[in-house]
Amino acid sequence: VSRQTELTGLMEAIEKELHPHSGDRRAAHCHLGLLQIFVERQHEQAGPSSNDARRNSAAARLVRRYTNMIAAEFPALHSVSGYAAKLNVTTTHLTRCCRKTCDRSALQLLNDRVHYEACVLLGETRTPVQDIAKRLGFASPAYFTRAFHAKSGLSPTAFRRQAGFDPARKRA
């Protein structure tokens with residue numbers, strides 16, 4: 001119970017720091033570091049298990065390469081097929097490995113990264129929504145708005161308004 005409480009506290013702290021009104025991304029990163037330490041300690045206490053083999057499998061190594069590539073090269077490649085080609089695998093194989101190791105498709109992982117970037121651009125820049133949509137690879141601002149709303153529950157404009165853009169943190 002105490003470990004669950006500690007985990008819940010860390011997750012709530014991260015969520016609080018990601019809130020547009022009162023959050024601070026640097027603090028969120030610090031809390032993420034604490035979460036990583038928490039998970040590592042839990043893993044050490046549990047000892048070796050069948051998860052070790054799964055984590056070191058070829059599928060897990062491929063997914064690690066994929067997620068590292070998304071982080072390093074975003075937004076250079078906008079499609080799962082582009083990343084798969086660069087990894088010399090098929091999109092089907094990449095998606096199968098992602099589902100096997102983290103229960104999410106390759107597209108879901110990529111969409112999470114796109115959404116994160118959209119939140120940063122909306123919350124910290126004055127870049128027009130249509131330019132953000134284009135930069136993130138959306139065919140139209142309307143499609144970007146629908147996708148953003150589906151993931152966050154807010155339109156891009158409402159998210160930006162709620163974020164209370166701070167010119168001192170301007171990135172554009």
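Fair warning: this is a prediction, and the values are worked out from it, not measured in the lab.

Caption draft 1: Molecular detail of the packing of aromatic side chains. Applying the stated rule across the entire model yields five aromatic pairs. Ring centres of Y66 and Y83 lie 5.8 Å apart, and the angle between their planes is 85°; this geometry places the pair in the edge-to-face category. Here Y83 lies in helix α5 (residues 80–86) and Y66 lies in helix α4 (residues 58–73), a separation of 17 residues in the sequence. Y66 gets classed as buried once you look at its relative accessible area, which sits at 0%. A ring pair is formed by F148 and F159, whose centres lie 5.4 Å apart and whose planes are at 75°; its orientation type is edge-to-face.

Caption draft 2: Focus on the pattern of salt bridges. Summed over all chains, the structure comprises four salt bridges. Taking the shortest distance from any N to any O, the salt bridge between K86 and E73 comes out at 2.9 Å. Here the residue K86 occupies a position in helix α5, and E73 occupies one in helix α4, the gap between them amounting to 13 residues. K86 sits in the partly exposed class, given a relative accessible area of 46%.

Caption draft 3: Focus on the packing of α4 against helix α7 (residues 106–124). Running from N to C, α4 and α7 point in directions that differ by 25°, and their axes come no closer than 10 Å. Between α4 and α7, the angle is such that the two are roughly parallel. Judged by the sense of rotation from one axis to the other, the crossing of α4 with α7 is right-handed. Within the contact between the two elements, α4 uses Y66, T67, I70 and A71 and α7 uses A106, L107, L109, L110 and R113.

Criteria and thresholds
- Residues numbered from 1 in each chain as written.
- Predicted model: local features only at pLDDT ≥ 70, side-chain atom pairs only at ≥ 80, totals over all residues.
- Heavy atoms only, no water.
- Phe/Tyr/Trp six-rings, centres within 6.5 Å; stacked < 30°, edge-to-face > 60°.
- Helix = DSSP H or I, 4+ residues; strand = E, 2+ residues; numbered from the N terminus.
- Buried < 20%, exposed > 50% of the residue type's maximum accessible area, 1.4 Å probe, protein only.
- Salt bridge = Lys/Arg side-chain N within 4 Å of Asp/Glu carboxyl O.
- Axes fitted to C-alpha atoms, helices over the stretch in contact; angles between N-to-C directions.
- Parallel < 35°, antiparallel > 145°, perpendicular 65-115°, else oblique.
- Left-handed = near helix turned anticlockwise from the far one by under 90°.
- Contact = heavy atoms within 4.5 Å.

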